[in-house]
Amino acid sequence: MGCVYSMPKDRTAAADRAPVIQESSFIEKMKKTDRNVVVFYGSQTGTAEEFSNRLAKDARRYGMKGMAADPEEYDMSDLSRLTEIDNSIAIFCMATYGEGDPTDNAQDFYDWLQEGNTGLEGINYTVFALGNKTYEHFNAMGIYVDKRLEELGAKRIFDLGIGDDDGNLEEDFVSWREQFWPAVCEHFGVEATGEESSIRQYELEVHTDINMNKVYTGEVGRLKSFEAQKPPFDTKNPFLAPVTVNRKLNKDGSRHLMHLELDITGSKIRYEAGDHVAVYPINDAAIVNQTGEVLGVDLDTVFSLNNLDKESNKKHPFPCPTTYRTALTHYLDITSPPRTNVLYELAQYASDPCEQENLRKMASSSAEGKSQYQTWVLESRRSILAILQDMPSLRPPIDHLCELMPRLQARYYSIASSSKVHPNSIHICAVVVEYQTNTNRINKGVATNWLKNQLVTDNGHKSMVPMYIRKSQFRLPFKSSNPVIMIGPGTGIAPFMGFIQEQAWLKEQGRDIGETVLYFGCRHRNEDFLYQEELEQFEKAGVLTQLNVAFSRDQEQKVYVQHLLKKNKEHLWKLIDGENAHIYVCGDARNMARDVQNVFCEIAEELGGMTHAQAVEYIKKLMTKGRYSQDVWS
């Protein structure tokens, strides 16, 4: 399925992770290095961390000195000691994750805020929140941190910033930041030094005589971790799983929908139906080679980027020493449209004054610049390679480009199998992303195109996928006799394949199974009715009590899952209100999940005799009780 962006989060996830070594104190570190600005980030995909680094770097322009900090690495109760540093401020870049939860690295900080009553009088702070408004709990974490710090006595010196990834997160951040720094100047009586923030954070070291055994070749954490695999496997130590099945699911049509099976035998990896598998993808070699050609560099040069700030916890932006080829293949996101700060820093390398001016304009906060960035970069989906191709005078040194590019992130997929039935394999159901941009380039989804090409054996070698498991709260009811209503169009069917397999297994164990109802949607019966044979088999065996399929384009009027829900409203209401049914929705957050929720509200209103407000409240209550779960992405 498309990558999952918002998922119920397992609150024990923090306990499952490897222990994080906490520094003695960020206050001592700030004193030692003469800093007065600390920027904490709660980040799941790296964006909040990136914004924090930019803010920490900005501080120099105002004669201040900043550091970005991971709250998981410090004792956050030291926040009350920030008053020991003159003219100090704590900035929080906080992303919201799943159902309004903190990100993994901010979980302990969140717990501390909830339980703590440490007085924070005299502490200056501000918060920038990152979220996506297609989700129910939009920016809940940032809003909570902002409110809670004030309750504990801290002083907000600038308004909460609201970033919306459904719109233009970069623009939201840039606009907020443009107003934030003048407010800091006014508050502390400082002024901009005129020093530009285009200062390198890392310095290049080229290794001409190095033992190649000491060079990273794509490992995420420990050197040679892919050669000597040791559990436990997690985000810093993924397991290389062999691909045992890779088949096309759809019979026809222009899209490629695929079913993959990864072998986890001997890995000690455990998963439950409803969990997510995280996959580390690899960039397309052709794009990597073209980038090297455009910049005229030898991609096999071995190098390190070393942090100029010797006190920083982050010695390198990605595992070093490595080669440019490895960095562009495994470590850097080279296909997403670059953010404005990247354009700003690269502008100095454009020898054509017109191109230089355009880059600076797109990185500015002027209305014209924002609009140009929106159309020329975002809507045209121009990657860094496309920008270099379309601006022939822009030829930055590759090491500076590597410093500026964000890290390539793992992609999450809902697991399409049950560990009760498949203890040693994990199934993935995904659609290959490929489309033409308005510049007539073909853009391909990094992970899905890479997975598509992971054939079971490639020239006699097994294809290996670096992966780990992320727990979720998307779970079958504790009582197997509770009815289950599953709604998942397209690749949203993934977790339900695991659920149905599990129901069949429970049934075989002689357990009492409640009604199991599936609402699935696709375009055409003869084209993309995914897992048709399996589903019909489950229906025949009485595991699926109802298989409702909406074929949206097999007739003149489009029919979607929500239309079928309305059609069966009496039966659904009986299950929900009378028999304690659990509802599960998986798929697109922007349209489908919202429409489905509205239908359930209408059913509650009509058949439950409620007002609209009561019906909305009724559905919200089901969510709080864990009887209405969503696994959605945008």
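Every value quoted in this text rests on a predicted model; they were computed, and no experiment measured them.

Definitions and limits used
Residues numbered from 1 in each chain as written. Predicted model: local features only at pLDDT ≥ 70, side-chain atom pairs only at ≥ 80, totals over all residues. Heavy atoms only, no water. Helix = DSSP H or I, 4+ residues; strand = E, 2+ residues; numbered from the N terminus. Buried < 20%, exposed > 50% of the residue type's maximum accessible area, 1.4 Å probe, protein only. Lys, Arg positive; Asp, Glu negative; His and termini not counted. Salt bridge = Lys/Arg side-chain N within 4 Å of Asp/Glu carboxyl O. Polar contact = N/O pair within 3.5 Å; in protein donor to acceptor, adjacent residues only side chain to side chain. Pairing = 2+ DSSP bridges. Core = buried A, V, L, I, M, F, W, Y, C linked by side-chain atoms within 4.5 Å. Contact = heavy atoms within 4.5 Å. Axes fitted to C-alpha atoms, helices over the stretch in contact; angles between N-to-C directions. Left-handed = near helix turned anticlockwise from the far one by under 90°. Nonpolar A, V, L, I, M, F, W, Y, C, P; charged D, E, K, R; others polar. Parallel < 35°, antiparallel > 145°, perpendicular 65-115°, else oblique. pLDDT = per-residue confidence, 0-100.

For Asp631, the position within the fold is in strand β25 (residues 628-633). There is no salt bridge for the buried Asp631, and the closest opposite charge comes from Arg470, which lies 8.1 Å off by N-O distance. Of note is the side chain of Asp631, whose polar atom sits 3.1 Å from the side chain of His276. Among the polar contacts listed, one links the side chain of Asp631 to the side chain of Ser414, at a separation of 2.8 Å.

Right, let's get into the pairing of strand β10 (residues 257-263). Counting buried residues along β10, six of its seven residues qualify, which places the element largely inside the surrounding structure. Bridging between strand β9 (residues 239-248) and β10 involves five bridges; their strand directions are antiparallel. Within the sheet, the bridge partner assigned to Asn246 lies in β10 and is Leu260. Across seven bridges, β10 lies against strand β15 (residues 425-431) in antiparallel orientation. The residue bridging Leu260 from the neighbouring strand is Ile428, located in β15.

What follows covers the nonpolar core. In this structure, Phe318, Leu332, Leu359 and Leu394 are the most contacted members of the largest nonpolar core, which totals 34 residues. Elements with a minimum of two residues in this core: α7 (285-295), β12 (302-307), α8 (324-331), α9 (340-346), α10 (353-362), α11 (367-379), α12 (384-390) and α13 (398-404). Once residues lying within four places of it in the same chain are set aside, the contact partners of Phe318 are Phe303, Leu305, Ala327, Tyr331, Leu332, Cys402 and Arg407.

Next up on the list: the sheet that holds strand β11 (residues 276-279). Reading across from one edge, β14-β11-β20-β9-β10-β15 is the order of the six strands in this open sheet, with antiparallel pairing throughout. The open sheet has two free edges, formed respectively by β14 (411-414) and β15, since each of these has just one partner strand. Strand after strand, the sheet turns through a mean of 40 degrees between neighbouring axes, direction not considered.

Packed helix pairs are characterised by how far apart their axes lie and by the angle those axes make with each other. With their axes 11 Å apart at the nearest point, helix α15 (residues 494-508) and helix α17 (residues 532-540) run at an angle of 35 degrees to one another. With respect to the hand of their crossing, α15 and α17 are arranged in left-handed fashion. Of the residues in α17, those in contact with Met497, Ile500, Gln501 and Ala504 of α15 are Glu534, Leu535 and Phe538. Counted by class, the contact of α15 with α17 contains five nonpolar, one polar and one charged residues.

This next bit is on the packing of α7 against α8. The contact between α7 and α8 brings their axes to 10 Å, and the two run at 135 degrees. It follows from the interaxial angle that α7 and α8 lie oblique. For the pair α7 and α8, the crossing hand works out as right-handed. Where α7 abuts α8, its residues Val288, Asn289 and Thr291 lie against Arg325, Leu328 and Thr329. Grouping the amino acids of the contact of α7 with α8 by side-chain chemistry returns two nonpolar, three polar and one charged.

The predicted coordinates ought not to be read in detail in places where the model reports low pLDDT. Per-residue pLDDT for the protein chain averages 93, and the proportion of residues at 70 or more is 96%. Scored below 50 in pLDDT, residues 1-21 makes 70 contacts in the model with residues more than four places away or belonging to other chains.

On inspection of all chains with the given rule, the structure shows 35 salt bridges. In this structure, Glu49 engages Lys314 in a salt bridge whose closest nitrogen and oxygen atoms are separated by 3.1 Å. Here Glu49, found in helix α3 (residues 47-58), pairs with Lys314, found in the loop between β12 and β13 (322-323); they are 265 residues apart in sequence, far enough to count as distant. Salt-bridge contacts for Arg148 lead to Glu151; the nearest nitrogen and oxygen are separated by 2.9 Å. Taken together, the residues span about one helical turn, with Arg148 and Glu151 both in helix α5 (residues 140-151) at a distance of three residues. Relative accessible area serves as the criterion here: at 14%, Arg148 is assigned to the buried category. The class for Glu151 is partly exposed, based on a relative accessible area of 47%. Residues joined by salt bridges that share partners form a network here, namely Glu28, Lys31, Arg81 and Glu84.

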